[in-house]
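What the coordinates show
The lines below spell out each chain.
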Amino acid sequence: MKNDIISLLGEEAESLLGHQCQAIPKDSIIQPSPDYVDNIFSVTDRPAPVLRNYQSLLSAGRLSGTGYMSILPVDQGIEHSAGATFAPNPIYFDPQNIVELAIEGGCNAVASTLGGLGSVARRYAHKIPFIVKLNHNDAMVYPSSYDQRLFGQVRQAYDMGAVGIGATVYFGSESSRRQLQEISEAFQQAHELGMVTILWCYLRNDGFKTADGDFHLAADLTGQANHLGVTIQADIIKQKTAETNGGFNAVKVGKTHPKVYGELTTEHPIDLGRYQVANCYMGRIGLINSGGASTGEGDFAEAVRTAVINKRAGGMGLISGRKAFQRPFADGVNLLHTIQDVYLDKSISIA
């Protein structure tokens with residue numbers, strides 16, 4: 001197993017597998033573990049049914065009992081259009097095949113739309129944990145804009161048997177304050193009903209692109225988005241892998257501190273990921289990273305690289321969609337298993 005991972009990492013294998021974080025050492029963070037709910041999450045103010053549903057997430061799929069999770073997300077039919085999303089593999093116009101992929105792929109959960117999961121809920125809600133993604137950016141709006149709107153209600157997710165809800169806030173967008181208020185209220189309702197909450201903490205603002213580069217994936221800005229996400233009591237944070245740093249200084253937004261760049265981070269991708277984890281209350285709230293878009297032949301290598309960075313940084317897992325479902329079913333299953341193998345490989349430790 002390790003040889004396959006090394007092969008996929010290629011020239012980066014030594015750097016990614018041998019790195020040790022010095023800026024924020026591993027002893028400073030709360031690491032994923034089989035007893036995470038017992039020892040960490042149980043001391044929060046979440047109602048007991050939330051603890052039960054969180055444990056059901058961690059007890060499902062191939063990663064059961066490890067403290068890590070692998071989630072299949074399919075909401076791109078709204079975010080990008082159904083044609084752009086499912087034309088590469090039209091079987092996934094049918095939500096049943098989405099759920100089947102998550103099951104065969106050994107995932108902890110499947111995250112999708114209210115309508116998609118609702119259309120097959122009585123057949124599958126008891127077989128794999130459902131996460132209902134409640135808000136979306138409607139791709140049909142013209143001219144295009146960055147705004148997430150609720151497409152369903154928390155109670156609908158609860159009634160179909162979902163263990164949790166997911167939502168996105170576009171931090172930095174003109175509508176981010178309204179989104180924060182809406183999703184904060186939705187998360188409160190979800191907790192009252194015993195459901196887990198997952199927040200997609202994405203940055204969206206053309207101003208985050210400057211002459212010095214694109215800072216939508218800067219560790220300092222995405223880290224702050226994570227910190228805002230855990231503040232509204234997201235139980236799990238979903239974030240894109242950091243690729244750069246210095247966003248606060250380049251964009252001239254908010255406040256930062258020289259130690260963020262001189263002592264708490266380096267240019268190494270695992271150190272950038274560690275800073276994202278630190279902003280999730282030092283790992284007290286789990287961080288899962290996005291698997292990203294499908295690029296074709298490089299998908300397996302990219303997925304393994306992202307999983308290694310997430311695991312070694314102290315993250316809780318990966319949420320990977322297009323790389324899995326925009327390819328033949330068996331290949332999608334294989335890709336999900338390959339991601340999970342990173343988390344099952346005990347020789348790949350936290351840096």
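Up top is the structure these notes are about.
Residues numbered from 1 in each chain as written. Predicted model: local features only at pLDDT ≥ 70, side-chain atom pairs only at ≥ 80, totals over all residues. Heavy atoms only, no water.

**Overview of the pattern of salt bridges**
- Scanning the model with the defined rule gives eleven salt bridges in all.
- Across the pair lysine 133 and aspartate 75 runs a salt bridge, and its minimum N-O distance is 3.7 Å. With lysine 133 in strand S3 (residues 130–133) and aspartate 75 in the loop between strand S1 (69–74) and helix H5 (76–79), the pair connects residues that are 58 residues apart, well separated along the chain. Across the pair, exposure class does not vary: lysine 133 and aspartate 75 are buried alike.
- Each of Asp147, Arg149, Arg178 and Glu182 takes part in salt bridges that share partners, so that together they form one network. (Salt bridge = Lys/Arg side-chain N within 4 Å of Asp/Glu carboxyl O. Helix = DSSP H or I, 4+ residues; strand = E, 2+ residues; numbered from the N terminus. Buried < 20%, exposed > 50% of the residue type's maximum accessible area, 1.4 Å probe, protein only.)

**What about the environment of tyrosine 92?**
- Looking at the secondary structure, you find tyrosine 92 in the loop between helix H6 (82–86) and helix H7 (95–104).
- Classification of tyrosine 92 as buried rests on a relative accessible area of 0%.
- With 234 residues separating them along the chain, tyrosine 92 and glutamine 326 place their C-alpha atoms 8.6 Å apart.
- Sequence-distant contacts of tyrosine 92, that is, excluding residues within four places in its chain, are made with Phe86, Asn97, Ile98, Leu101, Phe325, Arg327 and Phe329. (Contact = heavy atoms within 4.5 Å.)

**Considerations on the sheet that holds strand S7 (residues 196–203)**
- Pairing is parallel in the closed barrel, where eight strands are placed in the order S1-S2-S3-S6-S7-S10-S11-S12. Geometrically, the sheet is characterised by an average inter-axis angle of 25 degrees between neighbouring strands, direction not taken into account.
- Against the sheet, helix H11 (residues 176–192) makes contact with strand S6 (164–171) and S7, and its axis sits at roughly 165 degrees relative to S6, the strand it touches most. (Pairing = 2+ DSSP bridges. Axes fitted to C-alpha atoms, helices over the stretch in contact; angles between N-to-C directions.)

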